[in-house]
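Observations on the model geometry
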There are 2 protein chains.
Amino acid sequence: MKLLDLYAKMKGDLNQIELELERSVSDDHALLSDASLHLLKAGGKRIRPVFVLLAGKFGDYRLDVMKRVAVPLELIHMASLVHDDVIDDAETRRGQLTVKSKWDNRIAMYTGDYIHGKALSIAAQLPNPQIHQILSHALVQMCIGEMEQIRDFFNTEQTIRHYLLRIRRKTALLIAISCQLGAVAAGADRQTANRLYRYGYNVGMAFQIRDDLLDLYGTEKQIGKPPGSDMRQGNITLPVILALRDARMRESLLVEIAAIRERGGQADAGRAIEMIRRSEGGELADQLANRYINKALRAIEGLPGIAAKKNLIDIAHFIGKRNY
Amino acid sequence: MKLLDLYAKMKGDLNQIELELERSVSDDHALLSDASLHLLKAGGKRIRPVFVLLAGKFGDYRLDVMKRVAVPLELIHMASLVHDDVIDDAETRRGQLTVKSKWDNRIAMYTGDYIHGKALSIAAQLPNPQIHQILSHALVQMCIGEMEQIRDFFNTEQTIRHYLLRIRRKTALLIAISCQLGAVAAGADRQTANRLYRYGYNVGMAFQIRDDLLDLYGTEKQIGKPPGSDMRQGNITLPVILALRDARMRESLLVEIAAIRERGGQADAGRAIEMIRRSEGGELADQLANRYINKALRAIEGLPGIAAKKNLIDIAHFIGKRNY
């Protein structure tokens, strides 16, 4: 099944989630609602809700319960985007003005806090304390991941392990708990929830590696902004770390990265990107992404063969595919 | 009993809370821990933990349970301070450099998010879903309060009702739920928890009105910074709204406030402060603070006459006292 077909099949339930997302941020302060809705309407793949719903199929699937997990997880993701845009000083996201650019940094900060609070108040309707524990632990780890990203800006000495730990916190964890919490909320057994967690974690790692690859190998049309924005911002991703291990280009790539840093956010990263593309960095990162996809697939091998399992396999293959 | 004696009497338990506060932010990322500890060590009255502990005395008081309420509430307060300092562009707080000034705005934002996440993960150890519901609702309201403050900067047309709604969200609510949750976590009955909530709400309102008065009527030594910082920032507080109702000075005060706005954050608010001091604004605000204190005292009249009740009465009287 193609991914579009999957979305079509889930349309009814995803529409309910979408309505609930809008409702959740609509009923208070006008400016906070406007800013939140602006962000919401900019779209997104709603991949976390999709994972929650699919994971829920391995237990007692009830949409009203699933909603209370899916909506908070998407809101938490959104809140982190608003705060990231402040940090990254980003003017646009998904082709729309960011909250910090349409309004200002102060409003973006409180909009993030507000969306965050809304997420928690919806999750708080669920009585299971395990859900709150998993959620709050992930929130802390996500902050640590964001801080590590700031600390590691332009750090060309960082190791692969370092990078992996960072994207684990920054991206993979929220996807992992989307799968896990979908199962937990549906009352699935512990082993099932753990398998889905591992699936989500590995898919999440592959997803971020692919995203980082796309920023260096994609065209402006594919990415929606000029390639190399990670680089210009100082975010040293896996292909760069791998390219720096190539003795033939290490020195000149270091010089190029130092120059980008020197010139600040508006620098042209064209030459650095060219070097990385000539290196084996892309190929090796690609292989690592595939290893994570395989691990994700193995994690759910033991799950019962219901339609949702097939969907999870399809999504993993889709994320595993080269998108540039 | 004097307030110092009360702190002395509660010292053992408050020291445990202090240790737990430090522990809660110490075990992860170095920079996040440093920034959080910096904030923690700058001190503070820990008034929210004090309220939690005293409220807990009306039920089955167990320090290990009380901790899990008191620590999150103080952390939530701290997280809001870090974010406020970003908004207010504040260089110092309680005589110490702020996180945004010692590090930078980005780090302050994530430190706030991190402390927030830590608060939630400690609260998540409590199984009672009512606690999470009360807490997350308050978080949302606090954000709305902060946004209203931004929106109302330099708004000289705002009403008293507007001001009261804002400080309710910004300050009173967190103090109200500190009292309420202390009782709920200790398993006190609903009526007791509600009475304590009303006590906390009214004490919180008086507390903020007093704080706003202090900023206009206190000396630099009492406040720890030159008076009028609310004014310079555009935060129109109750005495100002009341002074603006005085026809004899309204026009000249409006001109003065417009001039402060014009000159930006570094403006001298001396003349505006002088006008307000000549008006009846201070006296009327003072009366309103006292009305809230009386309401607070009435709210707990029906509670059993244990020592904690006496302490709550003493605190209310202390907050009710003119401090300038």
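The numbering scheme is per chain: residues are counted from 1 as the chain's sequence reads. Chain labels run from A onward and ligand labels from 1 onward, assigned in the order the entries are written. In keeping with the model being predicted, local features are shown solely for residues with a pLDDT of at least 70 and side-chain atom pairs are shown and tallied solely at 80 or more, while totals for entire chains, interfaces and linings include all residues. Note that the side-chain values use all heavy atoms of the structure and ignore hydrogens as well as water.

Our next topic: the overall build of chain A. Helix and strand labels come from DSSP, where a helix needs a run of H or I of at least four residues and a strand needs a run of E of at least two; each type is numbered from the N terminus. From N to C terminus, chain A includes 17 helices and two strands. C-alpha atoms define the radius of gyration, and 2.2 Å times the number of residues to the power 0.38 defines the globule rule. Taking 324 residues into account, the globule formula puts the C-alpha radius of gyration at 20 Å, and chain A, at 20 Å, falls close to it. Residues counted as buried form 61% of the 324 residues belonging to chain A. At a minimum sequence separation of 6, the contacts of chain A that also span at least 24 residues come to 74%. Split by element, the accessible area of chain A, about 13,400 Å² in all, is 49% carbon and sulfur. When charges are tallied, Lys and Arg are placed among the positive residues and Asp and Glu among the negative ones, while His and the ends of the chain are skipped. Taken as the charge location is NZ of Lys, CZ of Arg, CG of Asp or CD of Glu. If you average the places of the 46 positive and of the 39 negative side-chain charges in chain A, the two averages end up 5 Å apart. A 1.4 Å probe rolled over the protein chains alone gives each residue an accessible area, and that area as a share of the maximum for its type sets the label: buried under 20%, exposed over 50%, partly exposed in between. The contact criterion used is simple: two residues touch if any of their non-hydrogen atoms lie within 4.5 Å. The protein chains shown are the only cover counted for residues, whose accessible areas, like all others here, come from Shrake-Rupley with a 1.4 Å probe.

Next up on the list: the relation of the copies chain A and chain B. A least-squares fit on C-alpha atoms brings the copies together, and the residues used are those whose pLDDT is at least 70 in both copies. Here chain A sits on chain B after a turn of 180° about the axis and a move of 0.0 Å along it, with an RMSD of 0.0 Å. Each copy turns onto its partner about a two-fold axis.

A separate point is the packing of aromatic side chains. Aromatic ring pairs: the centre-centre distance and the angle between the two ring planes describe each pair. Residues and elements named next belong to chain A. Ring pairs shown here join Phe, Tyr and Trp side chains whose ring centres sit within 6.5 Å, with only the six-membered ring taken for Trp; geometry is labelled stacked below 30 degrees between planes, edge-to-face above 60, and tilted in between. Using the criterion set out here, one finds two aromatic pairs over all chains in the structure. Centroid distance F51 to Y199: 5.9 Å. Interplanar angle 75°. Geometry classified as edge-to-face. Taken together, the residues span a long stretch of sequence, with F51 in helix α4 (residues 47-56) and Y199 in helix α10 (residues 190-217) at a distance of 148 residues. Of the two residues, F51 and Y199, neither departs from the other in class, the shared state being buried. Geometrically, a charge over a ring is one whose NZ (Lys) or CZ (Arg) sits within 6 Å of the ring centre while staying within 35 degrees of the ring normal. Sitting above the plane of the Y61 ring, K57 keeps its charged end 3.8 Å from the centroid.

The subject of this paragraph is the interface of chain A and chain B. Across the boundary between the two partners, chain A contributes 38 residues, which contact 38 residues of chain B. Reported buried area values correspond to the accessible surface (1.4 Å probe) lost by two parts on association, with both partners' losses combined. Contact between chain A and chain B buries roughly 3,400 Å² in total, counting both sides, with carbon and sulfur atoms accounting for 77%. Any Lys or Arg side-chain nitrogen located within 4 Å of an Asp or Glu carboxyl oxygen qualifies as a salt bridge. There are zero salt bridges connecting chain A and chain B. Mapped by element, the contributors of at least two residues to the side of chain A that touches chain B are α3 (30-41), α5 (63-88), α7 (105-123) and α8 (129-151) of chain A. Examining the composition of the side of chain A that touches chain B, we find that 15 residues originate from one element, α8(A), more than from any other.

Attention shifts here to the pattern of salt bridges. Pairs can form between side chains of opposite charge whenever their charged atoms are close. Following the criterion strictly, the structure yields 28 salt bridges over all chains and no others. Notably, a salt bridge pairs A:E74 with A:R46, separated by 3.2 Å at the nearest N-O pair. Here the residue A:E74 occupies a position in helix α5, and A:R46 occupies one in the loop between α3 and α4, the gap between them amounting to 28 residues. Each of the two residues, A:E74 as well as A:R46, counts as buried. Residue B:R248 pairs with B:D246 through a salt bridge whose shortest N-O separation is 2.7 Å. Assessed through its relative accessible area of 69%, B:R248 is described here as exposed.

Now for the packing of helix α8 (residues 129-151) of chain B against helix α9 (residues 160-185) of chain B. Residues and elements named next belong to chain B. Interaxial distance between α8 and α9 falls to 8 Å at its minimum, and their mutual angle equals 160°. As the angle between them shows, α8 and α9 are arranged roughly antiparallel. Crossing of α8 over α9 shows left-handed handedness. Here the term charged refers only to Asp, Glu, Lys and Arg, the term nonpolar to Ala, Val, Leu, Ile, Met, Phe, Trp, Tyr, Cys and Pro, and the term polar to all other amino acids, Gly among them. A breakdown of the residues in the contact of α8 with α9 according to their chemical character gives 12 nonpolar, six polar and six charged. For helices, the fitted line uses only the C-alpha atoms of the stretch in contact; every axis is such a line through C-alpha atoms, and the angle between N-to-C directions lies from 0 to 180 degrees. With respect to orientation, any angle under 35 degrees is reported as roughly parallel, any angle over 145 as roughly antiparallel, any angle of 65 to 115 as roughly perpendicular, and every other angle as oblique. By definition, any crossing whose near helix is turned counterclockwise from its far helix by less than a right angle is left-handed, and any crossing with a clockwise turn is right-handed.

It is worth spelling out helix α9 (residues 160-185) of chain A at this point. All names here are of chain A. Any helix carries an expected span of 1.5 Å times its number of residues minus one. When the terminal C-alpha atoms of α9 are compared, their 35 Å separation across 26 residues agrees well with the 38 Å that a helix rising 1.5 Å per residue should span. Bend at a residue means the angle formed by two fitted axes: the first through the 7 residues ending at that position, the second through the 7 residues beginning there. Taking the largest bend as the criterion, α9 deviates by roughly 50°, centred on A172. Among the 26 residues in α9, 21 count as buried, and that is most of the element. Positive phi shows up at G187, right after α9, with a value of about 75°.

At A:F154, a residue that is not glycine, the phi angle is positive and equals roughly 60°. Within the element layout of this structure, A:F154 appears in the loop between α8 and α9.

Before going further, it helps to examine empty space enclosed by the protein. Each cavity reported here is a set of points on a 1 Å grid over the protein atoms alone in which a 1.4 Å probe fits but cannot get out, each pocket an open set with protein on both sides within 12 Å along at least five of seven lines, and each lining residue one with an atom within 4 Å of a point. Grid points are joined across faces, edges and corners, and a volume is the space filled by probe spheres set on the points. For the structure shown, the criterion picks out four cavities of 30 Å³ or more. As a volume, the largest cavity reaches approximately 380 Å³. Contributions of two or more residues to the lining of the largest cavity are made by α5, α7 and α8 of chain A together with α5 (63-88), α7 (105-123) and α8 of chain B. Its residues assigned to classes, the lining of the largest cavity comprises 12 nonpolar, 10 polar and six charged. The calculated volume of the second largest cavity comes to roughly 140 Å³. Lining the second largest cavity are 13 residues, and of these A:L120, A:A124, A:H132, B:L120 and B:H132 sit closest to its centre. Listing elements by their share of the lining of the second largest cavity, those giving two or more residues are α7 and α8 of chain A together with α7 and α8 of chain B. Of all the elements, α8(A) adds the most residues to the lining of the second largest cavity, at four residues. Residue composition of the lining of the second largest cavity, grouped by class: nine nonpolar, four polar and no charged.

The next thing to look at is the state of the cysteines. Any pair of cysteine sulfurs within 2.5 Å is marked as a disulfide. Applying the stated criterion across every chain, the model contains zero disulfides over all chains. The cysteine A:C143 is free of any disulfide, with B:C143 supplying the nearest cysteine sulfur at 14 Å.

So, on to the nonpolar core. In terms of nonpolar packing, the biggest core is built from 242 residues, with A:Y199, A:I209, A:I315, B:Y199, B:I209 and B:I315 touching the most fellow members. Non-local contacts of B:Y199, meaning those with residues more than four positions away in its chain, are made with B:F51, B:C179, B:A296, B:A299, B:I300, B:L312, B:I315 and B:A316. Joining through side-chain atoms within 4.5 Å is the link that ties buried Ala, Val, Leu, Ile, Met, Phe, Trp, Tyr and Cys residues into a set, and such a set is a nonpolar core.

Residue and element names in this part refer to chain B. It is at 10 Å that the axes of helix α3 (residues 30-41) and α7 come closest, and there the two elements cross at 80°. Taken together, α3 and α7 sit at an angle that is classed as roughly perpendicular. Here α3 contributes L31, L32, S33, A35, S36 and L39 to the contact with α7, which in turn contributes I107, Y110, T111, Y114 and I115. Of the residues contributing to the contact of α3 with α7, the split by class is eight nonpolar, three polar and no charged.

The next point concerns α3(A). With 12 residues, α3(A) ought to run about 16 Å at 1.5 Å a step, and its terminal C-alpha atoms sit 16 Å apart, in line with that. Among the residues of α3(A), A:L31, A:L32, A:S33, A:A35, A:S36, A:H38, A:L39 and A:L40 are the ones counted as buried. Where the residues of α3(A) are buried, they touch α2 (11-24), α5, β2 (96-97), α6 (99-102) and α7 of chain A together with α8 of chain B. Note on α3(A): the residue one or two positions beyond its end, A:G43, has a positive phi of about 90°.

Averaged over all residues, the pLDDT of chain A is 91; the fraction at 70 or higher stands at 99%. Reported confidences for the modelled complex are a pTM of 0.87 and an ipTM of 0.81. Note on scores: pLDDT gives the predictor's confidence for each residue, bounded by 0 and 100.

Mapping A:S36 onto the fold places it in helix α3. For A:S36, the contacting residues outside a window of four places in its chain are A:V25, A:M78, A:T111, A:Y114 and A:I115.

What follows concerns the environment of A:A316. All names here are of chain A. Assignment of secondary structure puts A316 in helix α17 (residues 307-320). Distance in space between the C-alpha atoms of A316 and I293 is 6.1 Å, their sequence separation being 23 residues. Ignoring any residue separated from it by four or fewer positions in sequence, one finds A316 in contact with Y199, V203, I293 and L297.

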